[in-house]
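These are the residues of each chain, in order.
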Amino acid sequence: MAGGYPPEVDLLRHLGFFRAVADVRHFGDAAADLGMTQPPLSQGIRRLERHLGVRLFDRDARGVRITAAGQQLLPAARDLLDAADDLVSAARDLALPEQVRLGIAADLEDAVPGLLRDLAAGGTAVAPTVAGSVELVDLLRDGLLDVGVVRHPGVHDGLTAGEVLVVPTRLVGADSTSLGHITLPVAVPPRHHQPPAHDQLVDALRRAGHSGAVVEARDAAQRRALVAAGTAVGLVPVVDGAAEPGCPPLRLRVVLPHVTRRRPEVDHDAVAAAIAAGLG
Amino acid sequence: MTPTIPDTVATLRDIARDAGVTAHVHATRLTGPAGTTSLADTEPVAVASLYKLPLALVWADLVAEGRLAADQPVRLAAPNRMPGPTGVAMLLDDVTLSTRDAVRLMLAVSDNACGDAVLDLVGRDRAHAHLTRLGLPATLVRQGSAEETRAVLRDTGTDGWAAAQRVLADPDRAAETSQYDPALASAATAAQLGQVLRLLWSRPGPTHDTVRDALAHQAWRHRIGSGFPHDDVLLLGKTGTLGRLRHEAAVVRFPHEHPVGVVVLTRAARPERHLPRVDAAIGELARVAVGPLRLADDE
């Protein structure tokens, strides 16, 4: 190198050049794959060859051929590059604290994607967990979630809860819009997801003239299947659109860890407000 | 003391979770060898009308000591009474009755007017001094029913009990009141109320008999009583109810067995006034807590 300085080799970067050229056996194509022009690629390969003290490629009129030495070094180069990729992605996982660990009650069904899109549009990066409310409350207590949207009413001692959010619902798969005229059972999440909320819904169904018969289905897909098969009706939340008067609403609350147990890098109140706005 | 069997505690927790309540439970054998079952029984809880139980103990002790007369007449003039759901508090005209009858109505039907009158007669300072001497906290009787009612009206922004109850029972909001807060309302732990029962059952004499007999006449048996649906099992109890709070302290007497005192304090997740499932869960909690303590009284 001019001036007697050591060769300017960025080992991982230049090994990346090596791998790219070895893969396609063409400098121009490799440069295109790497999103660069050919001269700096060729220069990088030359520097790497000088640094390693071996020739990696033979260039002649027929094209580019990898040398025997290059062939021998290629696996080690790939290992190094893969290890570097692993390191970067492991670091990215460790950087997850930047994300809000959000628990969402499975009862929200089709409203979940919209809620997450709203949060993303508002600049909140979210690592979502969809589960039953009792499980989410346990995760919040154990410090494994930052924010939970759980079904109300439920027990959440030791946590702080916001206002009750009342989300209207509508019937699906029913031949009447009046609960009193429906003879099929209602497909609902398992009672153990939030027993008091489940019991409150059954009471509300009876109050409206329905028998209160329900089928507990483990997830939304199972509930949709039951409705499609005509063995149950569905009762689904309507975040924006046509709700049906007379259908018991889905009640939710945003639940946060106690103030002293919140991760400082998360703006809990802002996330809670965004969720309330999205569901309100 | 017999240590609480871990399985019993797990069962109590499961019952509470299934019913959607936070529960505090203390059960204790009142005679014979000591034995206790407990779940979170040292955590202070707002007790609502259960303040009337320690108040009755203090009143009976003062009568037994000759400081109060059991037959002293009490005049409850209608305009001075805070209206309530039962007893003299739901009557329309002036009432005069003896103190011991006021105590009996205060316990058997949780009469708020009588509760306030007995507290006036005993005096809050004297009640607190006596409770302190008994090793019980003065917070057991921080205030009477009229004050509790006024606080709930203030907290809910209402001017009548029916309207206040509608606010507290609204499923679309999470209404709070200072009367749910053990720092502001009459408050106790389940273990302390168990100690009240123990003291009440350790006192011989006609005045304390009057109190025990009034508890046997409690007008409802839907809570702890629902766990013991046996006509030959005597239940002597006192409930406390306010919004989401549902409590009872009772003595369960199986024939030929040592009496067992049991205290169940609950706070429901659901706000509605009528929750038969929660009342039944209180019976279930009591049954599970009392079960391991049952012992024939010839042992």
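Residues numbered from 1 in each chain as written. Chains lettered and ligands numbered in written order. Predicted model: local features only at pLDDT ≥ 70, side-chain atom pairs only at ≥ 80, totals over all residues. Heavy atoms only, no water.

## Focus: the overall build of chain A
Phase 1 of the analysis: Tallying secondary structure elements over chain A gives nine helices and 11 strands in all.
Phase 2 of the analysis: For 280 residues, the compact-globule estimate of 2.2 N^0.38 gives 19 Å, and the C-alpha radius of gyration of chain A, at 29 Å, exceeds that figure by more than 25%.
Phase 3 of the analysis: Overall size of chain A, expressed as C-alpha extent along the three principal axes, is 90 × 45 × 30 Å.
Phase 4 of the analysis: Counting the 280 residues in chain A, one finds 43% classified as buried.
Phase 5 of the analysis: Across chain A, contacts joining residues at least 24 apart in sequence account for 72% of those joining residues at least 6 apart.
Phase 6 of the analysis: As presented, chain A carries roughly 14,200 Å² of accessible surface, and 54% of it is formed by carbon and sulfur atoms. (Helix = DSSP H or I, 4+ residues; strand = E, 2+ residues; numbered from the N terminus. Rg over C-alpha atoms; globule rule 2.2 N^0.38 Å. Buried < 20%, exposed > 50% of the residue type's maximum accessible area, 1.4 Å probe, protein only. Contact = heavy atoms within 4.5 Å. Areas by Shrake-Rupley, 256 points an atom, 1.4 Å probe, with all protein chains shown as cover.)

## Topic: the interface of chain A and chain B
Phase 1 of the analysis: Counting residues at the interface gives 17 residues for chain A and 15 residues for chain B.
Phase 2 of the analysis: Taking both sides of the interface into account, the surface hidden between chain A and chain B amounts to around 1,400 Å²; carbon and sulfur atoms contribute 46%.
Phase 3 of the analysis: Of all residues in chain A, Asp157(A), Arg191(A) and Gln200(A) give up the largest surface area on contact with chain B, accounting jointly for 26% of the area buried on that side.
Phase 4 of the analysis: For the interface between chain A and chain B, the tally reads six salt bridges.
Phase 5 of the analysis: A salt bridge links Arg251(A) to Asp172(B), with the nearest nitrogen and oxygen atoms 2.5 Å apart.
Phase 6 of the analysis: Along the contact surface separating chain A from chain B lie nine residue pairs in polar contact (both at pLDDT 80 or more).
Phase 7 of the analysis: When contributions to the side of chain A that touches chain B are tallied by element, the ones reaching two or more residues are helix H6 (133-141), strand S6 (160-167), helix H7 (195-207) and strand S11 (250-256) of chain A.
Phase 8 of the analysis: The element best represented in the side of chain A that touches chain B is H7(A), accounting for five residues.
Phase 9 of the analysis: Per-class residue counts for the side of chain A that touches chain B are seven nonpolar, three polar and seven charged. (Buried area = accessible area lost by both parts, 1.4 Å probe. Salt bridge = Lys/Arg side-chain N within 4 Å of Asp/Glu carboxyl O. Polar contact = N/O pair within 3.5 Å; in protein donor to acceptor, adjacent residues only side chain to side chain. Nonpolar A, V, L, I, M, F, W, Y, C, P; charged D, E, K, R; others polar.)

## Digging into the packing of aromatic side chains
Phase 1 of the analysis: What the rule picks out here adds up to three aromatic pairs over all chains.
Phase 2 of the analysis: Centre to centre, the rings of Phe18(A) and Phe57(A) are 5.7 Å apart; their planes meet at 70°, and the pair counts as edge-to-face. Placement of Phe18(A) in helix H1 (residues 11-24) and of Phe57(A) in strand S1 (residues 57-60) is noted, with a sequence separation of 39 residues between them.
Phase 3 of the analysis: With a relative accessible area of 1%, Phe18(A) lands in the buried category.
Phase 4 of the analysis: Relative accessible area serves as the criterion here: at 0%, Phe57(A) is assigned to the buried category.
Phase 5 of the analysis: Taking the centre distance of 6.2 Å and the plane angle of 75° together, the rings of Phe27(A) and Phe57(A) count as edge-to-face. A residue pair is termed long-range when its members are at least 10 positions apart, and Phe27(A) in helix H2 (residues 27-34) and Phe57(A) in strand S1 qualify at 30 residues.
Phase 6 of the analysis: When its relative accessible area of 6% is taken as the criterion, Phe27(A) is described as buried.
Phase 7 of the analysis: The lysine or arginine in question, Arg212(B), covers the ring of Trp201(B), its NZ or CZ lying 5.9 Å from the ring centre.
Phase 8 of the analysis: Directly above the aromatic system of Phe254(B) lies the positively charged group of Arg294(B), at a separation of 3.5 Å from the ring centroid. (Phe/Tyr/Trp six-rings, centres within 6.5 Å; stacked < 30°, edge-to-face > 60°. Lys NZ or Arg CZ within 6 Å of the ring centre and 35° of its normal.)

## Details of the confidence of the model for chain A
Phase 1 of the analysis: Per-chain confidence: chain A averages 90 in pLDDT, with 95% of residues scoring 70 or above.
Phase 2 of the analysis: The model gives residues 1-5 of chain A a pLDDT under 50, and that stretch makes three contacts with residues more than four places away or in other chains. (pLDDT = per-residue confidence, 0-100.)

## Here we look at the packing of helix H2 (residues 52-64) of chain B against helix H9 (residues 206-216) of chain B
Residue and element names in this part refer to chain B.
Phase 1 of the analysis: As a packed pair, H2 and H9 sit with axes 8 Å apart at the nearest point and diverge in direction by 155°. Compared by their axis directions, H2 and H9 come out roughly antiparallel. Here Leu53, Ala56, Leu57, Trp59, Ala60, Asp61, Val63 and Ala64 of H2 come into contact with H9, specifically with Thr207, His208, Val211 and Leu215.
Phase 2 of the analysis: Among the residues making up the contact of H2 with H9, the classes are represented as nine nonpolar, two polar and one charged. (Axes fitted to C-alpha atoms, helices over the stretch in contact; angles between N-to-C directions. Parallel < 35°, antiparallel > 145°, perpendicular 65-115°, else oblique.)

## Structural notes on the pairing of S1(A)
Residues and elements named next belong to chain A.
Phase 1 of the analysis: The pairing of S1 with strand S2 (residues 63-66) spans four bridges and is antiparallel. Paired with Asp58 across the strands is Arg65, a residue of S2.
Phase 2 of the analysis: The hairpin formed by S1 and S2 contains two residues between the paired strands. (Pairing = 2+ DSSP bridges.)

## Looking at the sheet that holds strand S1 (residues 21-29) of chain B
Residue and element names in this part refer to chain B.
Phase 1 of the analysis: The five strands lie next to each other as S2-S1-S9-S8-S7, forming an open sheet whose pairing is antiparallel. Sheet topology places strand S2 (36-39) and strand S7 (234-242) at the edges, where each strand pairs with a single neighbour. Each neighbouring strand pair of the sheet contributes to a mean axis angle of 10°, computed without reference to strand direction.

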